[in-house]
Amino acid sequence: MPTIKDRPVGVVGAGRVGTALGLALVRAGYDLVGITARSDASRQRAADVLPDIPLVDLPTIAKSAGIILLSVTDDAIGPVATELAESAHLQPGQIVMHVSGACGLTVLAPATDVGAVPLAIHPAMTFSGLATDADNLAGLAYAITARPDDRPLAEELVRDLAGVPVWIADEDRTLYHAALVLGANNLITLLAAAMDALAAAGVPDPGFVLAPLVRTSLENALRHGDQALTGPVRRADTGTIDAHVRALRDRAPELLPAYLQFGLVTATRARRAALNEVDRLDEVVALLEARAAEANGDAGR
Ligand SMILES: NC(=O)c1ccc[n+]([C@@H]2O[C@H](COP(=O)([O-])OP(=O)(O)OC[C@H]3O[C@@H](n4cnc5c(N)ncnc54)[C@H](OP(=O)(O)O)[C@@H]3O)[C@@H](O)[C@H]2O)c1
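Residues numbered from 1 in each chain as written. Predicted model: local features only at pLDDT ≥ 70, side-chain atom pairs only at ≥ 80, totals over all residues. Heavy atoms only, no water.

Trainee: Would you mind going over the environment of R173 in detail, with residue names and values included?
Mentor: Mapped onto the fold, R173 is located in helix α7 (residues 173-200). Looking at R173, the relative accessible area reads 0%, which means it is buried. In this view, R173 contacts S100, G101, A102, C103, G104, A120, I121, H122, A143, I144, T145 and I168; residues no more than four positions away in its chain are not counted. Among the polar contacts listed, one links the side chain of R173 to the backbone oxygen of A143, at a separation of 3.1 Å. (Helix = DSSP H or I, 4+ residues; strand = E, 2+ residues; numbered from the N terminus. Buried < 20%, exposed > 50% of the residue type's maximum accessible area, 1.4 Å probe, protein only. Contact = heavy atoms within 4.5 Å. Polar contact = N/O pair within 3.5 Å; in protein donor to acceptor, adjacent residues only side chain to side chain.)

This is how it looks when you write it as structure tokens:
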């Protein structure tokens, strides 16, 4: 019986994801017939990660691949789908898939209109361009959006990558991705900022100090959500919070807006989750709102 693995794969875009997923597909036994690369950086990435895979153009991929994997930037998916559709090489039944978390199937409409099978399959992982990116893919959630009849194809592909399918409705995809950005991308900024503040406080190795605290907080939060919260907001220690605000205003003013806004979100969630007496958490919210208004007033002056 034919399987999805019998279809040759062509990758459009030798970026961080395209090269890592291309390598993962080769390791999973797929036949990678070619990859496109326009810039020197992409050509070099393809040569480094996929040295045996030919660099080809889009029409060649349209002619020879049964699975066309668009790993271009989100904004380029629509134009590339249009280019494919207009190439006159696309055949009904060819899979055209993208790996964006934020986009659904609509962006692939030009290809769908000429008979292609549209799939949106987002690996919930960060790809930073390291040689090890392809090693991190097993056991991941892959957020799939597919038409009902195409679900088995998408599921087979994800299972071949040792991934776990998670079904996301087309209309929920942007919210799904916003949630990942909130939790994962913002974490990088938050930790980088915290390390800067620790360095300003004279800590020689901020990562060493933060690592056990952050790792345990992360595990606790993933397991218990808001109930994992500790710290001055949960305790409603308004004196400590106010001292933090003064210290940040004096020593790291660029971090104050994030501290205040994050504190407000934390206090509001703590109140909703009944992590302390409502009156005491109301005091925390009032303090943070007052300090935020003062900071905005300072900024507006
Ligand atoms: N990075 C992540 O952590 C991550 C995680 C999951 C999903 N994704 C998704 O994966 C996709 C690719 O992201 P990325 O991080 O791999 O981006 P990237 O490293 O910037 O790579 C994008 C690639 O797309 C190519 N490209 C852009 N416009 C093109 C066009 N019109 N025609 C042909 N090629 C074009 C670029 O080629 P040239 O350099 O030759 O111009 C480049 O090789 C996006 O949809 C993103 O949302 C990213």
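Trainee: Describe the side chain of N276, and please don't skip the residues or the numbers.
Mentor: You can see N276 is positioned in the loop between α11 (256-272) and α12 (278-300). Side-chain polar atoms of N276 contact the backbone oxygen of R234, separated by 2.7 Å. Each residue touching N276, except ones within four places of it in the same chain, is listed here: R234, R235, A236 and L281.

Trainee: Could you give an account of the layout of surface pockets, with specific residues and numbers?
Mentor: The probe, sized like a water molecule, is rolled over the atoms to show the empty space still left. Within this model, the second largest pocket holds a volume of roughly 150 Å³. The set of elements that each furnish at least two residues to the lining of the second largest pocket consists of α11 and α12. Broken down by element, the residue count for the lining of the second largest pocket peaks at five residues, all from α12. Here the residues of the lining of the second largest pocket are counted per class, giving seven nonpolar, two polar and two charged. (1 Å grid on protein atoms, 1.4 Å probe; cavity = no way out; pocket = protein on both sides within 12 Å on 5 of 7 lines; lining within 4 Å. Points joined across faces, edges and corners; volume = space filled by probe spheres on them. Nonpolar A, V, L, I, M, F, W, Y, C, P; charged D, E, K, R; others polar.)

Trainee: I'd like a rundown of the site of the ligand, residues and numbers included.
Mentor: The full set close to the ligand counts 22 residues, and R16, R38, S39, S42 and D74 are the nearest of them. At a separation of 2.8 Å, an oxygen atom of the ligand approaches a polar backbone atom of R38. In the complex, the protein chains occlude 79% of the 900 Å² of accessible area that the ligand would expose alone. Among the secondary structure elements, those contributing two or more residues to the shell around the ligand are α1 (16-27), α4 (74-86) and β5 (117-123). Per-element accounting of the shell around the ligand gives the leading share, three residues, to α4. (Near = heavy atom within 4 Å. Areas by Shrake-Rupley, 256 points an atom, 1.4 Å probe, with all protein chains shown as cover.)

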